[in-house]
Amino acid sequence: MEDEQKPKQRKPKRPRGKARLIPGKCIGCERCEPGCPVEAISDSASGKPVIDTDKCTGCRKCVKICPVDALEMYYTDEELVVIEELRAKGLWKEPVEAKPAATADQSYRGVWVFVEQQDGIAASVSWELLGVGKTLAHDLEVDLCAFILGKDVEHLVQEAFSYGAKIVYLMDDPVLTDYRTEPYTMGVVDLIRKYKPEVVLMGATGLGRDLAGAVATILETGLTADCTHLSIDKERRLLEQTRPAFGGNIMATILNQHRRPQMASVRPHVMRKPVPIEGATGEIIREPLNMEEQDIRAKVLEVVRDERGLGHVDIAGADILISGGRGLQGPENFKILEELAEVLGGTVSASRSAVDAGWMPYDRQVGQTGKTVRPKIYIACGISGAIQHLVGMQDSDLIIAVNRDREAPIFEVAHYGIIGDLFEVIPALTRRLREIAKDHRSPNDNNRMVAGDKS
Ligand SMILES: Cc1cc2nc3c(=O)[nH]c(=O)nc-3n(C[C@H](O)[C@H](O)[C@H](O)COP(=O)(O)OP(=O)(O)OC[C@H]3O[C@@H](n4cnc5c(N)ncnc54)[C@H](O)[C@@H]3O)c2cc1C
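Residues numbered from 1 in each chain as written. Predicted model: local features only at pLDDT ≥ 70, side-chain atom pairs only at ≥ 80, totals over all residues. Heavy atoms only, no water.

## Let's talk about the overall build of the protein chain
Along the backbone of the protein chain there are 13 helices and 21 strands. Its C-alpha atoms give the protein chain a radius of gyration of 30 Å, more than 25% over the compact-globule value 23 Å for 455 residues. Principal-axis analysis of the C-alpha atoms places the extent of the protein chain at approximately 110 × 60 × 50 Å. The 455 residues of the protein chain split such that 45% are buried. When contacts within the protein chain are restricted to residue pairs at least 6 apart in sequence, long-range pairs at least 24 apart make up 62% of them. For the protein chain, the exposed area adds up to about 25100 Å²; of that, 50% sits on carbon and sulfur atoms. One finds the centroid of the 59 positive side-chain charges in the protein chain at a distance of 4 Å from the centroid of its 68 negative side-chain charges. (Helix = DSSP H or I, 4+ residues; strand = E, 2+ residues; numbered from the N terminus. Rg over C-alpha atoms; globule rule 2.2 N^0.38 Å. Buried < 20%, exposed > 50% of the residue type's maximum accessible area, 1.4 Å probe, protein only. Contact = heavy atoms within 4.5 Å. Areas by Shrake-Rupley, 256 points an atom, 1.4 Å probe, with all protein chains shown as cover. Lys, Arg positive; Asp, Glu negative; His and termini not counted. Charge placed at Lys NZ, Arg CZ, Asp CG, Glu CD.)

Spelled out as structure tokens, the structure:
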């Protein structure tokens with residue numbers, strides 16, 4: 001009973017304090033203002049942000065966000081007394097500030113492109129990357145470089161020069177005959193640590209995805225996969241890496257502000273391959289692989305090639321694509337697209353809806369989760385033009401869309417639009433093209449029009 005009458009000992013309330021500016025430190029980066037959850041900060045761009053102390057709840061978010069430690073917490077005299085009391089009782093824990101972000105090592109310079117090869121044949125994406133790399137190197141005012149790993153791959157150096165590389169780093173070693181993650185990763189890591197490039201680009205192929213991820217992990221740097229656009233923020237020397245995000249519903253531009261190198265991968269056919277310049281020359285820098293065969297855990301017992309061979313259709317490499325979507329209504333109707341493809345010398349591809357419905361195999365799918373294509377002519381038939389489809393084909397040289405819905409988004413990217421029923425339009429087009437081909441046919445020709453025929 002006595003206990004009940006005793007006044008309960010209340011723990012003193014932990015003072016939260018308020019944020020304030022340390023004069024002369026703010027760089028006006030504006031990060032604190034949107035970071036404040038109670039909108040207590042204004043005028044952050046001015047370099048003298050104003051903090052409304054009535055609104056500030058002492059959450060410390062702005063203090064943690066500030067990259068130059070220009071904000072601090074302060075306490076009233078009453079609060080300081082309470083803090084001292086708590087400290088004496090061992091109840092005051094010093095607030096832990098977030099670790100300041102590392103600043104990027106500014107000694108890194110140069111744009112590097114990985115020349116992926118198999119059996120001494122370079123993947124086309126490597127040359128496509130040298131194309132975009134040239135623009136990036138120009139904007140950063142640095143050299144465009146290529147790096148090649150493999151066995152007996154020196155012939156690729158000349159090819160790299162012809163596609164714009166000024167310096168080629170070459171690591172030629174029998175251990176690198178077949179791709180294995182461990183030696184390739186260590187080879188690339190050693191090159192990057194020694195020469196410090198600020199941008200490293202790789203193809204988002206099976207091999208490239210494996211290698212880029214492993215290299216970025218060891219170097220503790222960022223990697224943006226499957227970029228669809230790359231550019232440079234010249235003032236801050238940052239690579240702007242744009243790629244679809246949130247299921248392709250938005251395009252996100254990602255920056256790596258604090259680590260080097262800035263790494264990005266790009267899928268084949270997303271970037272335009274430059275025209276090679278014959279006789280172009282540059283500098284070769286040879287580097288040894290610092291690994292012996294016995295150091296490597298994985299052994300290649302047998303290499304099994306993809307046996308799909310000649311029958312296999314590579315829509316990514318096709319010059320003319322006739323693509324069908326849900327508007328085709330069934331697998332049997334793809335025949336009319338095949339007839340048009342036959343007369344044009346093209347290949348049939350499909351939207352994901354058509355693939356998901358089982359009307360076409362997956363290797364014919366165009367789009368974000370299918371293939372990226374860049375044909376000379378892309379004819380979209382009964383395809384609405386969802387963003388996930390557009391990201392895979394919008395860089396085609398000529399886009400023709402056939403759709404009965406005049407509001408279909410595909411018309412926003414199409415150079416020519418035919419509003420109508422594809423079951424009437426496509427056979428009519430095929431008939432007309434056959435007639436034209438017949439008129440142009442010489443006795444030795446078959447009835448196929450040649451890709452690029454102006455008629
Ligand atoms: C994470 C994610 C990834 C995705 N990846 C891909 C991808 O890689 N590729 C892809 O294509 N999609 C992808 N999608 C799906 C995408 O969002 C669309 O659902 C899909 O592209 C729609 O396919 P469609 O245009 O064939 O079908 P629909 O959107 O149903 O369009 C059919 C069109 O046909 C037209 N039409 C119908 N009948 C006729 C006719 N008789 N004549 C003329 N026009 C007609 C209609 O007007 C309509 O515009 C993805 C979605 C997500 C969420």
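Still more ground to cover, so stick around.
## Quick word on the sheet that holds strand β9 (residues 167-172)
Pairing is parallel in the open sheet, where seven strands are placed in the order β11-β15-β10-β5-β8-β9-β16. A single partner strand is all that each edge strand has here, and the edge strands are β11 (223-227) and β16 (283-286). Across the sheet, the mean angle from the axis of one strand to that of its neighbour is 25 degrees, orientation sign disregarded. Alignment of strand β8 (residues 144-150) against β9, held across six bridges, turns out to be parallel. Paired with alanine 146 across the two strands is valine 168, which belongs to β9. Sheet contacts for helix α8 (residues 206-219): β5 (111-115), β10 (199-203), β11 and β15 (262-266); angle to β10, the most-contacted strand, approximately 150 degrees. (Pairing = 2+ DSSP bridges. Axes fitted to C-alpha atoms, helices over the stretch in contact; angles between N-to-C directions.)

## Considerations on the confidence of the model for the protein chain
With 90% of its residues at a pLDDT of at least 70, the protein chain reaches an overall mean of 89. Note that pLDDT drops below 50 for residues 442-455; the model gives that stretch 18 contacts with residues more than four away or on any other chain. (pLDDT = per-residue confidence, 0-100.)

## A closer look at the domain arrangement of the protein chain
Assigned domains within the protein chain: domain 1 (15-88), domain 2 (111-295) and domain 3 (311-440). Look at where the C-alpha atoms of domain 2 and domain 3 centre, and you get two points 33 Å apart. At the junction of the two partners, domain 2 supplies eleven residues and domain 3 supplies 14 residues. In total, about 980 Å² of surface goes out of reach between domain 2 and domain 3, with carbon and sulfur atoms giving 40% of it. (Domains from an automatic or database assignment. Buried area = accessible area lost by both parts, 1.4 Å probe.)

## Focus: the nonpolar core
Grouped together as the largest cluster of nonpolar side chains are 36 residues, with contacts concentrated most on Val111, Leu130, Ile148, Val168, Leu201, Leu230 and Leu239. Of all elements in the fold, only β5, α5 (124-140), β8, α6 (155-162), β9, β10, β12 (229-233) and β15 reach the threshold of two or more residues within this core. Here the element with the most residues in this core is α5; it accounts for eight residues. Not counting the four nearest positions on each side in its chain, leucine 239 is found in contact with Leu136, Val199, Leu201, Leu230, Ser231, Ile232, Ile254, Leu255, Gln262 and Ala264. One finds Leu176, Val188, Ile192 and Leu211 within the second-largest nonpolar core, a separate group that totals 28 residues. (Core = buried A, V, L, I, M, F, W, Y, C linked by side-chain atoms within 4.5 Å.)

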